[in-house]
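Residue-level structural notes
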Amino acid sequence: MTLGKASAPAKVILFGEHFVVYGNPAILASISRRITVAAHMTSESKIVIDSDIGAAGEYSSSAFKPIKGGKNAKEILDPLHNAIEQVLAARNEKTGIKVDVFSKVPHGLGLGSSAASCVATVAAVDSLFGKPDRQKVCEQAIESERIVHKNSSGADCYISTFGGLIHYSKLAGFTKIESKSPLSIVIGSTGVRHSTGDLVASVKKFKDRNEVLFDDLAKRARDICMQAVAAIPSGKKEKVGELLSENQALLRQIGVSHEKADDLIDICNKAGALGSKITGAGGGGAVIALAATKQDSAKIGAKIKAQGYESFEVEIDFKGLVV
Ligand code: PMV
């Protein structure tokens, strides 16, 4: 094959972020926004990565030359370079490779853009040499994402590869939530990029100072998650919405909300959302709101935009990786 093409979806964390770091469960969903990667073999002995996410560069032997994005380019592209090298090593191939990354996922908001780009890159390059195996793609993508997120659980790559909804905990690993119930979700961006590492560290400080309170909040977060595991497949959207808002109250208590996130949540709830919360690490980032219908979702999105924030509407993506 001369052109390999693959796409992989972004994700939201519906329930359980931060508490998952301490062994609690979390629920993740993949969403209908994708990153697409096109891969070609070349006769040059280098790997060239171009993207519309503000970075491009070429790797030859061990040297890196940025083409777009200056000093930051390497940090953005290294996981993708690692993904390509892993595939070439596993397939025992030595060819030059050029990949083009096209993203419809805003970067730095906790929507899993780096995982989706790793999954799509592994699969696009691998498809040049044969039929990619999903499990293997997922494992290689997790490995390459660890270049940036050293302690990554792998949950973002897992959900991006397999799609749908998953329940995750450190002890139990990944379990698919078998649901085909459509969920209309509105995403609002605070426009404030967050650092997951800094926020995880700030929660640790909170926990160390408030052991008893934190244990109680974690217990409530676990209970919310368990109720959601039951409510989602049976299509009880009102219940799911209530649980999202309850989860947000806990996140606010541990200090990871943000004044812009609170503002967005207020806008969503007043516009008729069934419930809303931050998604991911917080401290800015993105907010998710559950809508009863697609029409409600459009209405909520319009209200968010009217207040000057960026917003887009998504559904759950049940396809995952597409090659
Ligand atoms: O990087 P994000 O924004 O998708 O959020 C990470 C989720 C946390 O629970 C805050 C951290 C973690 O490693 O699970």
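The structure reproduced in this document is the subject of the present report.

Basis of the calculations
Residues numbered from 1 in each chain as written. Predicted model: local features only at pLDDT ≥ 70, side-chain atom pairs only at ≥ 80, totals over all residues. Heavy atoms only, no water. Patch = residues over 30% accessible without salt bridge, like charges linked within 9 Å, V, L, I, M, F, W, Y side chains within 5 Å. Areas by Shrake-Rupley, 256 points an atom, 1.4 Å probe, with all protein chains shown as cover. Salt bridge = Lys/Arg side-chain N within 4 Å of Asp/Glu carboxyl O. Lys, Arg positive; Asp, Glu negative; His and termini not counted. Charge placed at Lys NZ, Arg CZ, Asp CG, Glu CD. Helix = DSSP H or I, 4+ residues; strand = E, 2+ residues; numbered from the N terminus. Buried < 20%, exposed > 50% of the residue type's maximum accessible area, 1.4 Å probe, protein only. Phe/Tyr/Trp six-rings, centres within 6.5 Å; stacked < 30°, edge-to-face > 60°. Lys NZ or Arg CZ within 6 Å of the ring centre and 35° of its normal.

A few words now on a positive patch on the surface. Where like charges cluster on the molecular surface, the positive patch consists of Lys131, Arg134, Lys176 and Lys180. Relative to the helices and strands, lysine 180 is located in the loop between β8 (173-177) and β9 (184-189). Since its relative accessible area comes to 65%, lysine 180 is described here as exposed.

Another aspect to go through is the packing of aromatic side chains. One pass over the structure, following the stated rule, counts seven aromatic pairs. Geometrically, the ring pair formed by tyrosine 22 and phenylalanine 214 is edge-to-face, given 5.4 Å between the ring centres and 80° between the ring planes. One end of the pair, tyrosine 22, is in the loop between β1 (3-15) and β2 (26-42); the other, phenylalanine 214, is in helix α6 (residues 211-231), and 192 residues separate them in sequence. Tyrosine 22 sits in the partly exposed class, given a relative accessible area of 32%. Of the residues examined, phenylalanine 214 reaches a relative accessible area of 2% and is grouped as buried. Ring pairs connect the aromatic residues Phe19, Tyr22, Phe206 and Phe214, which therefore count as one cluster. Positioned over the ring face of phenylalanine 312 is arginine 33, at 4.0 Å from the centre of the ring.

A side chain with one charge may pair with a side chain of the opposite charge, provided their charged atoms come close. Taken as a whole and judged by the stated rule, the model has 16 salt bridges. The shortest N-O distance in the salt bridge between arginine 220 and aspartate 216 comes to 3.5 Å. Taken together, the positions of arginine 220 and aspartate 216, both in helix α6 and four residues apart, correspond to about one turn of that helix. Owing to a relative accessible area of 34%, aspartate 216 belongs among the partly exposed residues under this scheme. The shortest N-O distance in the salt bridge between aspartate 262 and arginine 252 comes to 3.2 Å. Taken together, the positions of aspartate 262 in helix α8 (residues 259-270) and arginine 252 in helix α7 (residues 237-253) put the pair 10 residues apart, joining distant regions of the chain. Aspartate 262 sits in the partly exposed class, given a relative accessible area of 27%. Among the charged side chains, a network of salt bridges with common partners joins Glu44, Lys46, Glu58 and Lys65.

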